[in-house]
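Remarks on the overall topology
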Amino acid sequence: MENKNILDSGKYLVSLADRITYLGDIKGSLEWGNLQELLDKVQELRANLFEYPEKELLRRIDVIEGRVASLEEQVAKRLKPIEIVNIVRSPQRFTLQDILENCYDSYTELGGDGECNIDPAVVVARATITRRVKNRLYYHQVMVIGHEKGYGEEFRNGGCAKPWGNEKALRYMKVAETEGIPIHTYIFTPGSYPIEDYPGAAQQIARNLFAMSKLKVPIVSFISEGGSGGAEAIGLADIRLMGSRGYYSVISPEGAAAIEGRIKEGGKVPKELVEHCAAQLRMTAKDNLILKTIDRIVEEPPLGARRNDYQFFKRLRYEMIRATDEVVLQTKSFRAFRAYALKRQAQDQESVFNDEFDLHIKWNLSDSEKVRLLELRSKKYRSMGKGYKELRRPFIKTIERAVESAKQSYYDIRYGLLRHHSRNVQKLIEEVSSEGSVFFKTVTESMRAAYDFVFPKPDKPSERAQHDPFRRSIFVQEWEHYISPLANEDRTVSCPNAEKYGCKDLWVPDLYGEYSGVCPTCGHHFPLEYQWYLENLFDKGSIREFNSHIVSSNPLKFKGFDEKLKKAVKRTGRRSAIITFDAAILGIKIVVAMLYSDFRSGTVGAAEGEKFIRACDRAKTTRRPFLAYIHTTGGIRIHEGTLGVIQMPRCTLAVREYIDSGGLYIVVYDNNSYAGPVASFLGCSPYQVGIRSSRIGFAGPRVIRETTGTDVPPDYHSARNALKRGHIQGIWDRRDFRKNLFEALMTMGGPHLYYK
Amino acid sequence: MEINLNDLLRKYKSHPYEDHKICSPHTGVVSFQVEEGQTVKGPSGQWLHKPGTTLYILEREKNPKRITSKFNGVVAELKREFEGQFVQAGQELMIIRHRLNKDEIIDKILREVLYIFPAPQRARYYFTPEVSSIIEKGEAKALTVKAGDEIIIMSLMKRDSLLPYDGETGVLYKVYFKNGDLLEQDAPLFGICPPDRLPFVEKVIHRIKTEWDD
């Protein structure tokens, strides 16, 4: 303090005012610790700078500075989760612009410049990052993609990426892949901008995840503000770093509080409830490291890094280079990696941070290394987000694993080796027959007869369906067996479209019986229970449920959630919101994952994610089509925090691997399908269909109104509008579901399905 | 068409309301939700998606149906005797009385006395440049339009067509749209007033404006 210069006193005072305002931001108000009084004093000194003698002025500055420093220490000592959220939201926190300026040597923004941009909330830049090795400089080219919150610039939308912003990010990820340069993503978003305009918030995030899961370049991400789906749109990475004062969460604490407290729209959410939810959601860096949803924490100053914390930027640059090195080295020989890892360990133990590197590592990968990179990415995500319970004993698990591997070998031989061989021989016979015409006919016929004897033709489902009188009827006979219990009521109901189309009142036993819950006048679909589909959609007796031993739990120990879970279990008799089973449609064996509404509104948590992945893998092993029937999904389960969010990339990765293996993935939405699942493993399907009267979207009308400030028409999320926007490929009538599904199974999908 | 100025004014003075009869859409037991004289609102919101005030509940076959108001106004002639009673379809249950304000009355009268030229189909409409410039100068009433005059351009799918006027000759008294507006089929475009009726119309409007209490 003694060496303060009177000439700089103005600067000290500005900096003090900033520090006080920052403390106010963290505590949520200037009331705390008499901050307002301190700020007034600083303003007073600034206004009367030349009224005080030099010594007196410096003394006063010292006194205020001492007080501010002590308050800062006090805050840093006991930082609550909600205060961390406030740090992240403070206008003084660093943004992507600061990172580009301070961590990279040079950069060129792509796809826009400031306000003149398709989406100013997403910044893409081709940048150069420098590594110092024994006083020599090495330059690396990288693609930097991230959210820009801006310095109070309104057009940045606070870092909320619009669908076309995420599309821009994806476009340049593909450029990076073509050029073979790594991608550094920086996540600074409170969430995606929830609009459905093409390409659609949910669908675009899903497409990003789908592409990133197999992008053949190293991806390293850094999270400062990770708001759920918006964060995932650019967050699927080989290594995920997080600022020690950042947050990564499934929902904002205010959003969670509004849901938990059942606050009506426009109502005030109690501050205590917001604080409680912030703590319960386990959103801090430490929590996320424990949950293994991130890999490492980049240490920030105790109260979080601000725009002028140059030491932090130095550290961040070092960590980004290290992380990229690590991803690259993991794809190389084990020995090299081990040597590197040891050196890194030694470096970490050093008390003084040093940004010099021991060796120069090139970041380009060979073809085999790219394969390994993708394998490791898949392995990494498959091992994440395991917040579910298994009700089986370990020895059964071992048996199960053995059975799985035996199954794998069986299907590999049956539909891999033998099928390949059989196809080749058949092709040869066909070629000879067509070219040799009559002359060779006698020869090829005997060859074919011999071949058919050795390899009998598989029973083609389409032919079976034609000849079997029972199976040929896909509607009336079989559907007479199950009638919804909703029909057991003697009353009438009105169709919601009665005013528009003049629909007559419907007698409930008729509606839920003969009419299958469909208004005979306008075709409106009344919701039906999921059991109706189980009974009426699939062949009788063909359903075999699997993995029912994987059950939902309360991994975050979210207060009050155990009771809610118990209630759901009691009401449904099931232990997760997803049912996975083998079934058949007119003889075609398929694997089905069904999210249903009765259990926590079909929300997806760790158990649901794991069951979905296993179903996907089962379809891949058995070479069967995979149907995701979404009776209802309300999004990611907020009570499981980021363990739920991480299911988005996990499941998308599994879907990608299944589709790449030549399968057929069909998603059918019914009733209401919103948020995370649509923005990942459902929205990425090339074949998405909506049942009539269903609603599909990213965020519901209330969230849209609250975040964007604009109202949406009542039919904003209707299947019809989803079809108009190109989010789904068709709308099916419930009564034609079985027939249409069968046709889809016969005509769509890759060549590796068992019946093709 | 003969217009009697006093009759017209007397008609609106004696009953300055627009009455909307509320009848039961089908049979059922009625349970009123409003009182005589209560102010009710019609549908609101940008897409009129928020239903109006519930007028009564009509229950048939255990299906209680909320019947809401489609108009703004006051409940009148409420048939209390039907409370809790089974009624037939089409039974009048109340009236929603909407008090007309000055502008609404003027609009109603104008629609009665003017020749309204409607939009033939959903399209964008413009006046021809000469007519536009006259209207911009505020001299629309100096423009006489006769059958066959082409004063309107209908713009649809990049094709502009001139629409010939086909009504009686008169002055361009009222324009119901702005140049370039997208209008639905049958929306009024402009109203023509025959020259002999013009002084009457102006007199009516003047009297309504000065004498009417809003």
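Residues numbered from 1 in each chain as written. Chains lettered and ligands numbered in written order. Predicted model: local features only at pLDDT ≥ 70, side-chain atom pairs only at ≥ 80, totals over all residues.

As a further point, take the overall build of chain A. When helices and strands are tallied, chain A shows 29 helices and 22 strands. Within chain A, the fraction of its 756 residues that count as buried is 46%. Long-range pairs, those at least 24 residues apart, make up 75% of the contacts in chain A between residues at least 6 apart in sequence. (Helix = DSSP H or I, 4+ residues; strand = E, 2+ residues; numbered from the N terminus. Buried ≥ 20, exposed ≤ 12 C-beta atoms within 10 Å, placed from the backbone. Contact = placed C-beta atoms within 7 Å.)

What follows is about the overall build of chain B. Scanning chain B from N- to C-terminus turns up four helices and 16 strands. Its C-alpha atoms give chain B a radius of gyration of 22 Å, more than 25% over the compact-globule value 17 Å for 214 residues. Across its three principal axes, chain B shows a C-alpha extent of roughly 65 × 45 × 25 Å. (Rg over C-alpha atoms; globule rule 2.2 N^0.38 Å.)

Below, the discussion takes up the pairing of strand β6 (residues 73-76) of chain B. All names here are of chain B. Relative to β6, strand β3 (residues 39-40) is paired through two bridges, and the arrangement is antiparallel. Bridging from a neighbouring strand, T39 pairs with V74 of β6. Pairing analysis gives three bridges linking β6 to strand β8 (residues 92-99), with the strands arranged antiparallel. From the neighbouring strand, V75 faces β8, where its bridge partner is I96. (Pairing = 2+ DSSP bridges.)

All names here are of chain B. In the predicted model, chain B carries a mean pLDDT of 90, and the fraction of residues at 70 or more is 98%. At the low end of the mean pLDDT range in chain B sits helix α1 (residues 5-14), at 80; at the high end sits strand β2 (residues 28-32), at 97. Interface confidence for the predicted complex, expressed as ipTM, amounts to 0.76; the pTM equals 0.87. (pLDDT = per-residue confidence, 0-100.)

All right, on to the nonpolar core then. Core analysis: the biggest nonpolar cluster contains 189 residues, and V592, M594, C616, F626, V655 and V668 of chain A have the highest contact counts within it. In terms of residue count, the dominant contributor to this core is helix α12 (residues 310-330) of chain A (eight residues). (Core = buried A, V, L, I, M, F, W, Y, C linked by C-beta atoms within 7 Å.)

All names here are of chain B. Pairing of strand β10 (residues 123-127) with strand β12 (residues 150-156), which is carried by four bridges, proceeds in the antiparallel orientation. Bridging across to β12, F127 finds its partner in I152. Of the pairings in the sheet, the one linking β12 to strand β13 (residues 159-164) comprises six bridges and is antiparallel in character. Note that in β13 the partner of S155 across the bridge is D160. Here β12 folds back onto β13 in antiparallel fashion, the turn holding two residues, of which M157 has a positive phi close to 50°.

Each strand in a sheet pairs with its neighbour through backbone hydrogen bonds, running either in the same direction (parallel) or in the opposite one (antiparallel). All names here are of chain B. Ordered by their spatial adjacency, four strands build an open sheet running β9-β16-β14-β11, and the pairing between neighbours is antiparallel. Two strands close off the open sheet at either side, each with one partner strand: β9 (115-118) and β11 (144-145). Bridge analysis of β11 against strand β14 (residues 170-175) gives two bridges, and the strand direction is antiparallel. In the sheet register, T144 faces β14, and the bridge partner there is V171.

Residues and elements named next belong to chain A. Taking strand neighbours across the sheet as the criterion, the seven strands line up as β1-β4-β5-β6-β7-β8-β9 in an open arrangement whose pairing is mixed. Where the open sheet ends on each side, the last strands, each with one partner, are β1 (106-110) and β9 (296-298). Direction aside, neighbouring strands of the sheet carry axes that sit 25° apart on average. Against the sheet, helix α5 (residues 96-103) touches β1, β4 (122-133), β5 (136-147) and β6 (183-189), its axis set at about 30° to β4. (Axes fitted to C-alpha atoms, helices over the stretch in contact; angles between N-to-C directions.)

Glancing now at the packing of helix α4 (residues 81-89) of chain A against helix α10 (residues 271-280) of chain A. Residues and elements named next belong to chain A. Between α4 and α10, the shortest axis-to-axis distance is 7 Å and the interhelical angle comes to 90°. Taken together, the axes of α4 and α10 lie roughly perpendicular to each other. On α10, the residues that touch P81, I82 and V85 of α4 are V274, E275, A278 and A279. (Parallel < 35°, antiparallel > 145°, perpendicular 65-115°, else oblique.)

This part takes up the packing of helix α9 (residues 253-260) of chain A against α10 of chain A. In a pair of packed helices, the angle between the axes and the distance between the axes together describe the arrangement. Residues and elements named next belong to chain A. The contact between α9 and α10 brings their axes to 8 Å, and the two run at 110°. On the basis of their axis angle, the class for α9 and α10 is roughly perpendicular. In the packing of α9 onto α10, the handedness of the crossing is right-handed. Of the residues in α10, those touching α9 at P253, E254, A256, A257 and E260 are L273, V274, C277 and A278. Split into classes, the residues belonging to the contact of α9 with α10 amount to seven nonpolar, no polar and two charged. (Left-handed = near helix turned anticlockwise from the far one by under 90°. Nonpolar A, V, L, I, M, F, W, Y, C, P; charged D, E, K, R; others polar.)

Once that is clear, we can look at the domain arrangement of chain B. Buried accessible area, meaning the area lost when the parts come together, often serves as the stated size of an interface. Here chain B is partitioned into domain 1 (17-99) and domain 2 (102-195 + 204-211). When each unit is reduced to the centre of its C-alpha atoms, the spacing between domain 1 of chain B and domain 2 of chain B is 37 Å. (Domains from an automatic or database assignment.)

Right, let's get into unusual backbone geometry. All names here are of chain A. Going from Y198 to P199, the amide bond is cis rather than trans, its omega being 10°. Relative to the assigned elements, P199 resides in the loop between β6 and α7 (201-212). Unlike most non-glycine residues, S693 shows phi in positive territory, near 70°. Its place among the elements puts S693 in the loop between β20 (687-691) and β21 (695-696). By the C-beta count within 10 Å, which is 24 here, S693 ends up buried.

Taking 1.5 Å per residue, 12 residues should reach 16 Å; helix α22 (residues 561-572) of chain A reaches 16 Å between its end C-alpha atoms and fits that length. Looking one or two residues past α22 of chain A, G573 of chain A carries a phi angle of roughly 75°, positive in sign. (Expected span 1.5 Å × (residues − 1).)

All right, on to the environment of D25 of chain A then. Residue and element names in this part refer to chain A. Looking at the element boundaries, D25 is found in helix α1 (residues 9-27). Judged by C-beta crowding, with 19 C-beta atoms within 10 Å, D25 ranks as partly exposed. In this structure, the C-alpha to C-alpha distance between D25 and E83, residues 58 residues apart in sequence, is 8.5 Å. Beyond its immediate stretch of four places on either side in the chain, D25 contacts N86 and S90.

Let us now look at helix α23 (residues 606-622) of chain A. All names here are of chain A. Between the first and last C-alpha of α23 there are 24 Å, a value that for 17 residues agrees with the 24 Å anticipated at 1.5 Å per step. Burial within α23 is extensive, with 15 of its 17 residues counted as buried. Looking one or two places after α23, you find R623, whose phi comes out positive at around 55°.

Attention now moves to the environment of E65 of chain A. With respect to the helices and strands, the residue E65 of chain A is situated in helix α3 (residues 54-77). With 256 residues separating them in the primary sequence, E65 of chain A and I321 of chain A have C-alpha atoms 37 Å apart.

Quick look at the confidence of the model for chain A now. Averaged over chain A, the pLDDT score is 89; the fraction of residues at 70 or greater is 90%. Below a pLDDT of 50 lies the segment residues 469-479 of chain A, which in the model reaches 13 contacts outside its immediate sequence neighbourhood of four places, other chains included.

Turning to the environment of K332 of chain A, a few remarks are in order. Among the structural elements, K332 of chain A can be located in the loop between α12 and α13 (334-349). Residue classification places K332 of chain A among the partly exposed residues on the basis of 16 C-beta atoms within 10 Å.

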